Amino acid sequence: MNKRTFNLLLSFIGLTLLQVLILNNILIFGYVNPYLYIIFIFIFPYKVNRFPILFSAFFLGLFVDLFSDSGGIHTFATTTIAYIRPYFFKTFFQKTEVDYEFFTMSQESFGKVFNFIASLTLIHHFIVFLLINFSFNNFLNVIVNTLLSCIFSLILYFVGNFIFRRKQQL
Amino acid sequence: MQQLIFFLQRYKYFLCFILLQIIALFLTINNHSFHRSKFISSANSISGNFYTKKNSISSYLDLRSENNSLIEENQLLKNKISLLEQQIDQVDSQTKIDSIANQQYKYVDGKIIKNEFHKPYNFLTINRGKKHGVTSEMAVVNHKGIIGVTDFSSENYSRVRSILNRDSKINAKLKNTTYFGSLSWDGKDLNTVQLADIPRQATINVGDTIVTGGNSTIFPKGIPIGIVEKNSKAMIQVKLFNEMNRLENIYTIINFDKQEIKDLENANNE
């Protein structure tokens, strides 16, 4: 097992535990719940072979579901964004499969990275809240929940990213 | 044949994706149906152990308020005992006191290791399972009132369908009358549940106490639920005695006569 795989495994376990033990208990205004564990899907290496990302996303969602008694809701949502990730990658970064080898998120401009992450987060949160609700009643609630949670997740992600990067330079 | 291989080659990611999605959707739908064994739930040994560890840390933070509620409960029970002692004194010659052999309900203590209240379909996890005699369809209460019904048990843990779950239906009645209805939750406010199907001739005032009806084999009669907060034509809003976001110690109620009652009811139907 090389260093990169080990780091990925560590972040897989770390993010799952962070989500289920801490973030699932943060409920601002009663219903805003940040889902930060999906950054695993953004930091997963960009490769031509897409089976690893699909299966990792599936198991990531499954573990989060296991802890939060939600059946297969998170599994469904994470697998969806893992599948559509390359298409969004192509659209937002204007790059093809040839560039995968040399691509790092930190070298891209903030605007591009933000658009990429924000749109995938929005899709994920929408699917999660739609399936949690499990009916077409309270549809307004779903939209409000999605938007507020999405904003909160993004703030957490970018603040965390900022702090993390500063530490590495020292 | 070549065409088929070409097809698989071309759409392999999409097919894999669809397969995974179907599994996820199956798990989601399975989670919403009753009386099925559930593989993905917090009542298994992996997540149960993690939640126990987490709970042992976080329960230290609530010790003061938990102590207070235990004192409150002790006081209540002591008052009841003194009342009963008085009764035994008075009518000793007329009443037969139930011996242990005739006991119908047994209370098993336990702790909530995972609480949930913000979703439309909420589930709790408790640290009592088949080993302690807790199986599915058993009442979970604390000293203030009802909490939920167990729906799935493993060896050491059980999953509880909270009353804050849109699928929950509990038989309830007005205290001191015989009018009963069914209690459910609309998914909006975690402090209020809705009581429906109360007969029209019943007079209901704001502030009336609602207790469990005893028409099911799950809850014994007279466990407190809440008080009437608002009374509109179709629905009665009931404010719960329990604060569902601050639960810790619970009791699970085992009904020894459950099977007998069920057998009798089934025999009647045939």
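What follows is about the confidence of the model for chain A. When pLDDT is averaged across chain A, the result is 86; 95% of the residues are at 70 or more. Looking at the elements of chain A, mean pLDDT is at its lowest for helix α6 (residues 139–169) of chain A, recorded as 83, and at its highest for helix α4 (residues 73–93) of chain A, recorded as 92.

What follows covers the confidence of the model for chain B. Per-residue confidence for chain B gives a mean pLDDT of 82; residues scoring 70 or more make up 88%. Contacts of residues 91–96 of chain B to residues separated by more than four positions or lying in other chains number 1 contact, the stretch itself having pLDDT below 50.

This part is about helix α2 (residues 45–58) of chain B. Structurally, the α-helix is built with 3.6 residues per turn, so residues lying three or four positions apart point the same way. With 14 residues, α2(B) should reach 20 Å at 1.5 Å per residue; the first-to-last C-alpha distance of 20 Å fits that figure. The complete set of buried residues in α2(B) reads Ser47(B), Gly48(B), Tyr51(B) and Asn55(B). Down the axis of α2(B), the smallest arc covering the buried residues is 100 degrees, so these residues share one side. Structural note: α2(B) exposes Lys53(B) and Ile57(B) on the side pointing more than 90 degrees away from its buried face. Where α2(B) is buried, its residues contact α1 (3–22) and α3 (51–68) of chain A together with β1 (105–114) of chain B.

All names here are of chain A. Mapped onto the elements, Ile 73 comes out in helix α4. When its relative accessible area of 5% is taken as the criterion, Ile 73 is described as buried. Sequence spacing of Ile 73 and Phe 129 is 56 residues, and the spatial spacing of their C-alpha atoms is 8.8 Å.

Turning our attention to the nonpolar core. Counting residues in each nonpolar core, the largest one holds 61 residues, and the members touching the most others are Phe42(A), Met105(A), Phe116(A) and Ile117(A). Of all the secondary structure elements, the ones that give two or more residues to this core are α1, α2 (39–43), α3, α4, α5 (110–133) and α6 of chain A together with α1 (2–31) of chain B. In this structure Phe116(A) touches Phe42(A), Tyr46(A), Arg85(A), Phe88(A), Phe89(A), Phe92(A), Phe93(A) and Met105(A), once residues within four positions along its chain are discounted. Residues Leu195(B), Ile218(B), Leu247(B) and Ile250(B) belong to the second largest nonpolar core, which totals 36 residues.

Residue and element names in this part refer to chain B. Within the fold, Gly 110 resides in strand β1. Judged by its relative accessible area of 7%, Gly 110 falls in the buried class. For the pair Gly 110 and Glu 248, spaced 138 residues apart in sequence, the C-alpha separation works out to 8.7 Å. Among residues more than four places away in sequence, those in contact with Gly 110 are Asn 127, Arg 128, Glu 248, Asn 249 and Ile 250.

Take the packing of α3(A) against α2(B) next. In the contact formed by α3(A) and α2(B), the axes pass within 9 Å of each other and the chain directions differ by 60 degrees. Classified by the angle between their axes, α3(A) and α2(B) sit oblique to one another. Once α3(A) is placed against α2(B), the crossing between them reads as right-handed. The residues of α2(B) that touch α3(A), namely those facing Leu66(A), Phe67(A) and Ser68(A), are Ser47(B), Phe50(B) and Tyr51(B). Residue classes in the contact of α3(A) with α2(B) are distributed as 4 nonpolar, 2 polar and no charged.

So, about the pattern of salt bridges. Opposite charge on two side chains makes pairing possible when the charged atoms of those side chains draw close. In this structure the tally under the stated criterion is 10 salt bridges over all chains. In this structure, the salt-bridge partner of Lys95(A) is Glu108(A), at a minimum N-O distance of 2.7 Å. With Lys95(A) in the loop between α4 and α5 and Glu108(A) in the loop between α4 and α5, this residue pair connects regions lying 13 residues apart in the sequence. By relative accessible area, Glu108(A) is classed as buried at 16%. Linking Glu243(B) and Arg246(B) is a salt bridge whose minimum nitrogen-to-oxygen distance equals 3.6 Å. Its relative accessible area of 34% is what places Glu243(B) among the partly exposed residues. Look at Arg246(B) and you get exposed, because its relative accessible area is 53%.

So, how was this worked out
Residues numbered from 1 in each chain as written. Chains lettered and ligands numbered in written order. Predicted model: local features only at pLDDT ≥ 70, side-chain atom pairs only at ≥ 80, totals over all residues. Heavy atoms only, no water. pLDDT = per-residue confidence, 0-100. Helix = DSSP H or I, 4+ residues; strand = E, 2+ residues; numbered from the N terminus. Contact = heavy atoms within 4.5 Å. Expected span 1.5 Å × (residues − 1). Buried < 20%, exposed > 50% of the residue type's maximum accessible area, 1.4 Å probe, protein only. Arc of directions from axis to C-beta. Core = buried A, V, L, I, M, F, W, Y, C linked by side-chain atoms within 4.5 Å. Axes fitted to C-alpha atoms, helices over the stretch in contact; angles between N-to-C directions. Parallel < 35°, antiparallel > 145°, perpendicular 65-115°, else oblique. Left-handed = near helix turned anticlockwise from the far one by under 90°. Nonpolar A, V, L, I, M, F, W, Y, C, P; charged D, E, K, R; others polar. Salt bridge = Lys/Arg side-chain N within 4 Å of Asp/Glu carboxyl O.

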